[in-house]
Amino acid sequence: MFTMSEGYERFMGRWSRLLAPAYISFAGIRNGERILDVGTGTGSVASALAAAMPSSEIVGIDPSEALIAYARSNSRSDHVRFEVGDAQALQQKDASFDQAMSLLVMNFVPDHEKAIGEMRRVTRPGGAVSACVWDYNSGMEMLRFFWDEVVALDPVMEPKDERHMKLSREGQLGALWRKAGLTDVQERDLTIEQRYASFGDYWTPFLKGAGPGGAYVVSLTDEGRRRLEARLQKRLLGDRPDGAFTLKARAWCVRGKVPV
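These figures come from a predicted structure and were not determined experimentally.

Student: For this particular structure, what's the right way to read the side chain of Gln194?
Tutor: Tracing the sequence through the fold places Gln194 in strand E6 (residues 183-196). Apart from the residues within four sequence positions on either side, Gln194 is in contact with Arg14, Trp15, Leu18, Phe245, Thr246 and Leu247.

Structure representation (structure tokens):
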């Protein structure tokens, strides 16, 4: 689903880039630190880090070769390196980073406990491990509106509604961090706004198959897509002509330290 790099960038990468600066501030990154970006995707966090922390060395990993190729092609810094890698089996050495980060990824990792264990392993004692996950229940309007209309038209899809996504409720990341033995665990919600130029700006990435929602859209018949499109256009624009609109998104974030 996430190997179509440009489609993913228009679908979720644009949100990641908006969220990255606030997440970096929350994580407490300092210039000169060595940072691992787990699940780097199209490189939104790594790119933001490179711009804000010019003395830091940044390594971004992702299991998708296509996303890594996209991130490499768009990188503008000699201090960033992108590698294909699995969060559940990191190739990096023990205690080799000051910070390990994961933006909007942990809920997609099959064994998230193994992933947080690996992030802790590669982070030095006293270093920090952090992550953010969307509030899929009600806080991520781009997806919430989509799944509301999907379920209204096709109730059998309710179990696939992303509101059921793991680790997406308040407090769940904090509980995972404490279970992993991290200390001084801090949690915070971060809210951002995204401007869409038109309904097509919102809808087109779904037609490209981006994300779970896009995978559903491309599985529909032409008539099914038209019905869903009409409902979403009504939801987002009401009775007014096509034009710009703004959606909000909230993410749950957590930060903890590796014991000394």
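What follows continues from the structure just given.
Student: Would you take a moment to explain the nonpolar core for this structure?
Tutor: Taken as a class, soluble globular proteins show a tendency for nonpolar side chains to be buried jointly. Judged by nonpolar contacts, the single largest core of 84 residues is most densely connected at Trp15, Trp134, Met142, Phe146, Trp177 and Tyr202. A total of 10 residues in this core trace back to one element, the largest contributor, which is helix H1 (residues 5-27). The residues touching Met142, leaving out its near neighbours within four places in the chain, are Phe11, Met12, Trp15, Tyr196, Tyr202, Phe206 and Leu247.

Student: Teacher, can you tell me more about the pattern of salt bridges here?
Tutor: Close approach of charged atoms allows side chains of opposite charge to pair. Scanning all chains against the criterion turns up 23 salt bridges. With its nearest N and O atoms 3.3 Å apart, the salt bridge here joins Arg30 to Glu33. What makes Glu33 buried here is its relative accessible area of 6%. A salt bridge links Arg81 to Glu83; the shortest N-O distance between them is 2.6 Å. By relative accessible area, which is 37% here, Arg81 ends up partly exposed. Relative accessible area serves as the criterion here: at 22%, Glu83 is assigned to the partly exposed category.

Student: I'm lost on the sheet that holds E6 in this one. Help?
Tutor: Pairing between the strands of a sheet comes from backbone hydrogen bonds, and it takes one of two forms, parallel or antiparallel. As summarised here, the arrangement of the seven strands in space is E3-E2-E1-E4-E5-E7-E6, forming an open sheet in which the pairing is mixed. Each of the sheet's edge strands pairs with one partner strand only, and the pair in question is strand E3 (80-84) and E6. Pairs of neighbouring strands in the sheet enclose a mean axial angle of 20°, with direction left out of account. Packed on one face of the sheet, helix H4 (residues 112-122) meets strand E1 (34-38), strand E4 (97-103) and strand E5 (123-134) and runs near 145° to E5.

Student: I tried to follow the packing of aromatic side chains on my own but got confused; where do I start?
Tutor: Each pair of aromatic rings is reported with the distance of its centres and the angle of its planes. Under the defined criterion, the tally for this structure stands at 13 aromatic pairs. Seen from their ring centres, Phe199 and Tyr202 are 6.2 Å apart, and the 35° between their planes marks the pair as tilted. Residue Phe199 and its partner Tyr202 are located together in helix H7 (residues 199-207), separated by three residues, close to a single helical turn. For the pair Phe199 and Tyr202, a shared accessibility class is recorded, and that class is buried. Taken together, the aromatic side chains of Phe11, Trp15, Trp134, Phe146, Trp147, Tyr196, Phe199, Tyr202, Trp203, Phe206, Tyr216 and Phe245 make up a single cluster linked through ring pairs. Directly above the aromatic system of Phe97 lies the positively charged group of Arg34, at a separation of 4.4 Å from the ring centroid.

Student: Just checking my understanding: could you explain unusual backbone geometry for this structure?
Tutor: When glycine is set aside, most residues are seen to have a negative phi, and most peptide bonds are trans. For Ala95, which is not glycine, the phi torsion reads 50° and is therefore positive. On the accessibility criterion, Ala95 (39% relative accessible area) is partly exposed. One non-glycine residue, Asp184, lies in positive phi territory at about 50°. Within the secondary structure layout, Asp184 lies in strand E6. The exposure class assigned to Asp184 is partly exposed, which follows from its relative accessible area of 43%.

Student: Quick question: what am I supposed to make of the pairing of E5 here?
Tutor: Here is the key point about a regular strand: its side chains alternate between the two faces of the sheet. With nine of its 12 residues buried, E5 lies for the most part within the structure. Taken together, the six bridges between E4 and E5 define a ladder with parallel strand orientation. What sits directly across from Ala100, in E5, is Val129. A crossover links E4 with its parallel partner E5, the connecting element being H4, and its sense is right-handed. In this structure, E5 lies alongside strand E7 (residues 245-257), joined through seven bridges in antiparallel fashion. Across the sheet, Val129 pairs through a bridge with Gly256, a residue of E7.

Procedures and definitions
Residues numbered from 1 in each chain as written. Predicted model: local features only at pLDDT ≥ 70, side-chain atom pairs only at ≥ 80, totals over all residues. Heavy atoms only, no water. Helix = DSSP H or I, 4+ residues; strand = E, 2+ residues; numbered from the N terminus. Contact = heavy atoms within 4.5 Å. Core = buried A, V, L, I, M, F, W, Y, C linked by side-chain atoms within 4.5 Å. Buried < 20%, exposed > 50% of the residue type's maximum accessible area, 1.4 Å probe, protein only. Salt bridge = Lys/Arg side-chain N within 4 Å of Asp/Glu carboxyl O. Pairing = 2+ DSSP bridges. Axes fitted to C-alpha atoms, helices over the stretch in contact; angles between N-to-C directions. Phe/Tyr/Trp six-rings, centres within 6.5 Å; stacked < 30°, edge-to-face > 60°. Lys NZ or Arg CZ within 6 Å of the ring centre and 35° of its normal. Right-handed = clockwise from strand over helix to strand, strands pointing away.

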